[in-house]
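Structural features, examined
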Amino acid sequence: QVQLVESGGGLVQAGGSLRLSCATSGRTFSVYAMGWFRQALGKEREFVAWSGGTTKYAESVTGRFAISRDNAKNTVYLQMDSLKPEDTAVYYCAARRGPAAADPSVYDYWGQGTQVTVSS
């Protein structure tokens with residue numbers, strides 16, 4: 001069993017930055033593909049970024065967000081710059097033992113989410 005705990009969300013003005021963290025339990029963090037997803041009010045959960053052997057981003061965040069991981073700390077990060085009001089959502093990290101993917105249904109473990117609100 002893997003437990004994920006997100007932190008770092010908050011309220012920020014448009015154009016600002018936030019850094020989300022996702023701390024994981026367990027001793028095999030390095031074998032997991034990690035993903036960040038978000039869900040805005042009234043919308044479906046959507047892919048933001050994943051980190052496996054490589055990284056991939058949703059088109060809407062490319063060039064503004066960066067995913068990174070520290071295997072020694074069992075933590076994955078999401079650096080979010082140039083934030084826009086449309087980035088407002090609950091952000092979730094997820095883990096799976098398998099290839100990284102943009103489909104949230106293939107992930108095995110999820111955090112509780114952290115709210116990001118971007119004001120205009």
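Refer to the structure presented above.
Reading guide: rules and limits
Residues numbered from 1 in each chain as written. Predicted model: local features only at pLDDT ≥ 70, side-chain atom pairs only at ≥ 80, totals over all residues. Heavy atoms only, no water. Pairing = 2+ DSSP bridges. Helix = DSSP H or I, 4+ residues; strand = E, 2+ residues; numbered from the N terminus. Axes fitted to C-alpha atoms, helices over the stretch in contact; angles between N-to-C directions. Core = buried A, V, L, I, M, F, W, Y, C linked by side-chain atoms within 4.5 Å. Buried < 20%, exposed > 50% of the residue type's maximum accessible area, 1.4 Å probe, protein only. Contact = heavy atoms within 4.5 Å. Polar contact = N/O pair within 3.5 Å; in protein donor to acceptor, adjacent residues only side chain to side chain. Disulfide = S-S within 2.5 Å. Phe/Tyr/Trp six-rings, centres within 6.5 Å; stacked < 30°, edge-to-face > 60°. Lys NZ or Arg CZ within 6 Å of the ring centre and 35° of its normal.

For the rest of this paragraph, the subject is the sheet that holds strand β1 (residues 4-7). Taken together, four strands build an open sheet; the order of strands is β1-β3-β8-β7 and the sheet is antiparallel. Because the sheet does not close on itself, it has two edges, and the strands there are β1 and β7 (65-70). Shown here is a sheet whose adjacent strand axes are inclined to one another by a mean of 15°, direction ignored. Pairing of β1 with strand β3 (residues 18-24), which is carried by four bridges, proceeds in the antiparallel orientation. Following the sheet pairing, Leu4 is matched in β3 by Thr24.

To continue, consider the nonpolar core. In a soluble, globular protein the nonpolar side chains are often hidden away together inside. With 35 residues, the main nonpolar core has Trp36, Leu78, Met80 and Tyr91 as its most contacted residues. Elements with a minimum of two residues in this core: β3, β4 (33-39), β5 (46-51), β7, β8 (75-80), β9 (89-96) and β11 (114-119). Here this core takes five residues from β9, the largest share from any one element. Filtering out sequence-adjacent residues up to four positions away, Leu78 remains in contact with Leu18, Arg19, Leu20, Trp36, Val48, Ala49, Phe65, Ala66, Ile67 and Tyr91.

Tracing the backbone shows Thr114 in strand β11. At 3.2 Å, the side chain of Thr114 and the backbone nitrogen of Gly9 are in polar contact. Residue contacts for Thr114: discarding those within four places in its chain leaves Glu6, Ser7, Gly8, Gly9, Leu20, Ala89, Val90 and Tyr91.

Overall, the coordinates contain one disulfide when judged by the stated rule. Bridging Cys22 to Cys93, the disulfide has an S-S length of 1.9 Å. Here the S-S torsion is close to 55°, and the disulfide linking Cys22 with Cys93 is therefore right-handed. Of this pair, Cys22 sits in strand β3 while Cys93 sits in strand β9, and the two are 71 residues apart along the sequence. Residue Cys22 is classed as buried on the basis of its relative accessible area of 0%.

Attention now moves to the packing of aromatic side chains. Tallied over the entire structure, the rule returns six aromatic pairs. Between Tyr32 and Tyr109, the aromatic rings sit 6.2 Å apart at their centres with planes inclined by 70°, giving edge-to-face as the arrangement. Here Tyr32, found in the loop between β3 and β4, pairs with Tyr109, found in strand β10 (residues 109-110); they are 77 residues apart in sequence, far enough to count as distant. With respect to burial, Tyr32 and Tyr109 carry one shared label: buried. Members of the aromatic cluster, each reached through a chain of ring pairs, are Phe37, Phe47, Tyr92, Tyr107 and Trp110. Across from the ring centre of Tyr77, 3.9 Å away, lies the NZ or CZ of Arg19, which sits over that ring. Seen from the ring of Trp110, Arg45 lies directly overhead, with NZ or CZ sitting 4.7 Å from the centre.

A few words now on the environment of Ser68. Here Ser68 is to be found in strand β7. Here Ser68 falls in the partly exposed class, since its relative accessible area comes to 34%. In sequence terms Ser68 and Gly8 are 60 residues apart; their C-alpha atoms lie 15 Å from each other. Those residues in contact with Ser68 that lie beyond four places of it in its chain are Thr75, Val76 and Tyr77.

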